[in-house]
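Below, each chain spelled out in residue letters.
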Amino acid sequence: MDDFLRGAAGEIAARAERELEALVAVSSPSGDVQGAEEALALCAALLPAAAEIKRVPSSTPGSASDLVARLSGSGSRRALLLGHVDTVIGHDAHGPLRRDGDRLYGPGTADMKGGVVLALGTARALAANPGQFAELAVVLVTDEEWRTQGFVHVERFRGYDACLCFEAGERGPDGGEGVVVQRKAAGTLRAIAAGRPAHSGSAPDQGANALLALAQTALTVAQLHQPRGPDRLSVVPTVVRSGDAFNVVPAHGELIFDLRADRIEAFDGVMAAIPEQLGGVELEARMERLWPGMDSREATAGLLERAGARLGRQLVGVARGGASDASHFASTIPLTIDGLGPRGGGAHTPEEFVLAASLHERAEVALAVAVEALAG
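Structural notes, computed from the coordinates. Values in this document were obtained by computation on a predicted structure and should not be read as measured data.

## Some words on the overall build of the protein chain
For step 1, the next point in the chain: Within the protein chain one finds eight helices and 19 strands.
For step 2, the next point in the chain: The C-alpha atoms of the protein chain give 23 Å as radius of gyration, which agrees with the globular expectation for 376 residues (21 Å, within 12%).
For step 3, the next point in the chain: Dimensions of the protein chain, computed from the C-alpha atoms along their principal axes, are close to 80 × 40 × 40 Å.
For step 4, the next point in the chain: In the protein chain, which comprises 376 residues, the share counted as buried stands at 53%.
For step 5, the next point in the chain: A fraction of 79% describes how many contacts in the protein chain between residues 6 or more apart in sequence connect residues 24 or more apart.
For step 6, the next point in the chain: Split by element, the accessible area of the protein chain, about 15,600 Å² in all, is 51% carbon and sulfur.
For step 7, the next point in the chain: If you average the places of the 35 positive and of the 48 negative side-chain charges in the protein chain, the two averages end up 3 Å apart.

Encoded structure:
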């Protein structure tokens, strides 16, 4: 490992646990403006002093504005460091960072406040040598976990040389260091049912039961689930809502599916499988939160080989099923690499954690990748 990586990663790691503790202490579930503002204020304080910071509108109306920070240098290449401060865990389940052995538990530790800490540390380390970049940008968004609108930042950074996203890291197939270079497309499919109410005791057959229509739809459409098929399509019913009273035939309801596939076009057949009418109930299908896939394996192969040599250990590209904002940039910034955050687990649950030792290890990985991306 070269001297820059060793020294800079050590400095990031020396601060990382305290910075993570401070960021996790802020409860910032998606949609909570006050929490997002507090989290971003903390992040702004951790950015390099020379960074020009702006707040720009979020992709999601009503969300707190996103943070865009830029650093200018005398080099030739431009790189984007990407993260989000919103979490799935709400205020009711929030708690402070706690250590149990080598695990650091807390809401958003893995997804992705641990990654944000490493992104900020990477920005500080690179800022110390502005000769290695023309521009370095840090983007922290406030709505990643619940966005259904288009992503507003893609055009803003079109033409950049690299996009580095700090979602949680992982091991490669042989146990070595892995970064994410392939992700599935993701979609949220909502079926809205409109039936007819009736007294469930005295006149049950006069109603058109929205709940039964949605239940049958869930069973039928879920049969399209083929994770080992040609498109690796997953079709998972996740939420159903129907009915307002125990003694009334439910007239309205909705059913939500989470869809993942290698190709976004694979979702068309799933949407078409929802009937327009079932048992007297009208059904309307809506596709929401449609995110593209990402495949930067070929474009990043050489960079990962060089970064591994600089790192002193193998660095491999891996695939992951979960969606990420990196996927939005992959079509306009071919050199897009994700999964640069610390390793952990339990994302989106009260038992979310990162491995403390990985804060140092993944700081080394992130710096090696960033330096090589800027070297071209």
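## Notes on the sheet that holds strand β2 (residues 66–72)
For step 1, the next point in the chain: Spatially, β1-β2-β6-β3-β7-β17 is the arrangement adopted by the six strands of the open sheet, whose pairing is mixed. Two strands bound the open sheet, and with one partner strand each, they are β1 (52–56) and β17 (336–337).
For step 2, the next point in the chain: As defined by bridge partners, strand β3 (residues 78–84) adjoins strand β6 (residues 135–141) across seven bridges and the pair is classed as parallel. In the sheet register, Leu80 faces β6, and the bridge partner there is Ala137.

## A word on the packing of aromatic side chains
For step 1, the next point in the chain: Evaluated as defined, the whole model comprises four aromatic pairs.
For step 2, the next point in the chain: Here the aromatic rings of Phe151 and Phe329 are separated by 5.6 Å at their centres, their planes lie at 80 degrees, and the arrangement is edge-to-face. Highlighted residues: Phe151 in the loop between β6 and β7 (162–165) and Phe329 in helix α7 (residues 326–329), separated in sequence by 178 residues. A single burial state applies to Phe151 and to Phe329, both of which are buried.
For step 3, the next point in the chain: When the centroid spacing of 6.4 Å and the interplanar angle of 70 degrees are considered together, the rings of Phe157 and Phe329 count as edge-to-face. Note that Phe157 is positioned in the loop between β6 and β7 and Phe329 in helix α7, a separation of 172 residues in sequence. The pair Phe157 / Phe329 is uniform in exposure class, with both members buried.
For step 4, the next point in the chain: Seen from the ring of Phe353, Arg103 lies directly overhead, with NZ or CZ sitting 3.9 Å from the centre.
For step 5, the next point in the chain: Over the ring of Trp291 we find Arg289, and its NZ or CZ is 4.4 Å from the ring centre.

## With respect to the sheet that holds strand β5 (residues 103–105)
For step 1, the next point in the chain: Pairing is antiparallel across the open sheet formed by four strands, whose spatial order is β4-β5-β19-β18. Lying at the two open borders of the sheet, with one neighbouring strand each, are β4 (98–100) and β18 (344–345).
For step 2, the next point in the chain: Pairing analysis gives three bridges linking β5 to strand β19 (residues 353–355), with the strands arranged antiparallel. Note on β19: the bridge partner recorded for Tyr105 is Phe353.

## Some points on the side chain of Lys184
For step 1, the next point in the chain: Among the structural elements, Lys184 can be located in the loop between β9 (177–183) and β10 (185–194).
For step 2, the next point in the chain: No salt bridge is formed by the buried Lys184; its nearest oppositely charged neighbour, Asp262, is found at 5.6 Å.
For step 3, the next point in the chain: A distance of 2.7 Å separates the side chain of Lys184 from the backbone oxygen of Arg232, its partner in a polar contact.
For step 4, the next point in the chain: Residue contacts for Lys184: discarding those within four places in its chain leaves Arg232, Arg260, Ala261, Asp262, Pro292, Gly293, Arg320 and Gly321.

## Looking at the packing of helix α6 (residues 297–311) against helix α8 (residues 356–375)
For step 1, the next point in the chain: For the pair α6 and α8, the least separation of the axes is 9 Å and the interaxial angle reads 125 degrees. Judged on the interaxial angle alone, α8 and α6 are oblique. Judged by the sense of rotation from one axis to the other, the crossing of α6 with α8 is right-handed. Each of Leu303, Arg306, Ala307, Arg310 and Leu311 in α6 lies in contact with α8, whose residues at this interface are Glu364, Val365, Ala368, Val369, Val371, Glu372 and Ala373.
For step 2, the next point in the chain: Among the residues making up the contact of α6 with α8, the classes are represented as eight nonpolar, no polar and four charged.

## Topic: the environment of Glu276
For step 1, the next point in the chain: One can find Glu276 in the loop between α5 (267–272) and β13 (277–278).
For step 2, the next point in the chain: Of the residues examined, Glu276 reaches a relative accessible area of 67% and is grouped as exposed.
For step 3, the next point in the chain: Residues Glu276 and Arg15, 261 residues apart in the sequence, show an inter-C-alpha distance of 56 Å.
For step 4, the next point in the chain: Residues contacting Glu276, with those up to four places away along its chain left out, are Val281, Glu282 and Leu283.

What counts, and where the lines are drawn
Residues numbered from 1 in each chain as written. Predicted model: local features only at pLDDT ≥ 70, side-chain atom pairs only at ≥ 80, totals over all residues. Heavy atoms only, no water. Helix = DSSP H or I, 4+ residues; strand = E, 2+ residues; numbered from the N terminus. Rg over C-alpha atoms; globule rule 2.2 N^0.38 Å. Buried < 20%, exposed > 50% of the residue type's maximum accessible area, 1.4 Å probe, protein only. Contact = heavy atoms within 4.5 Å. Areas by Shrake-Rupley, 256 points an atom, 1.4 Å probe, with all protein chains shown as cover. Lys, Arg positive; Asp, Glu negative; His and termini not counted. Charge placed at Lys NZ, Arg CZ, Asp CG, Glu CD. Pairing = 2+ DSSP bridges. Phe/Tyr/Trp six-rings, centres within 6.5 Å; stacked < 30°, edge-to-face > 60°. Lys NZ or Arg CZ within 6 Å of the ring centre and 35° of its normal. Salt bridge = Lys/Arg side-chain N within 4 Å of Asp/Glu carboxyl O. Polar contact = N/O pair within 3.5 Å; in protein donor to acceptor, adjacent residues only side chain to side chain. Axes fitted to C-alpha atoms, helices over the stretch in contact; angles between N-to-C directions. Parallel < 35°, antiparallel > 145°, perpendicular 65-115°, else oblique. Left-handed = near helix turned anticlockwise from the far one by under 90°. Nonpolar A, V, L, I, M, F, W, Y, C, P; charged D, E, K, R; others polar.

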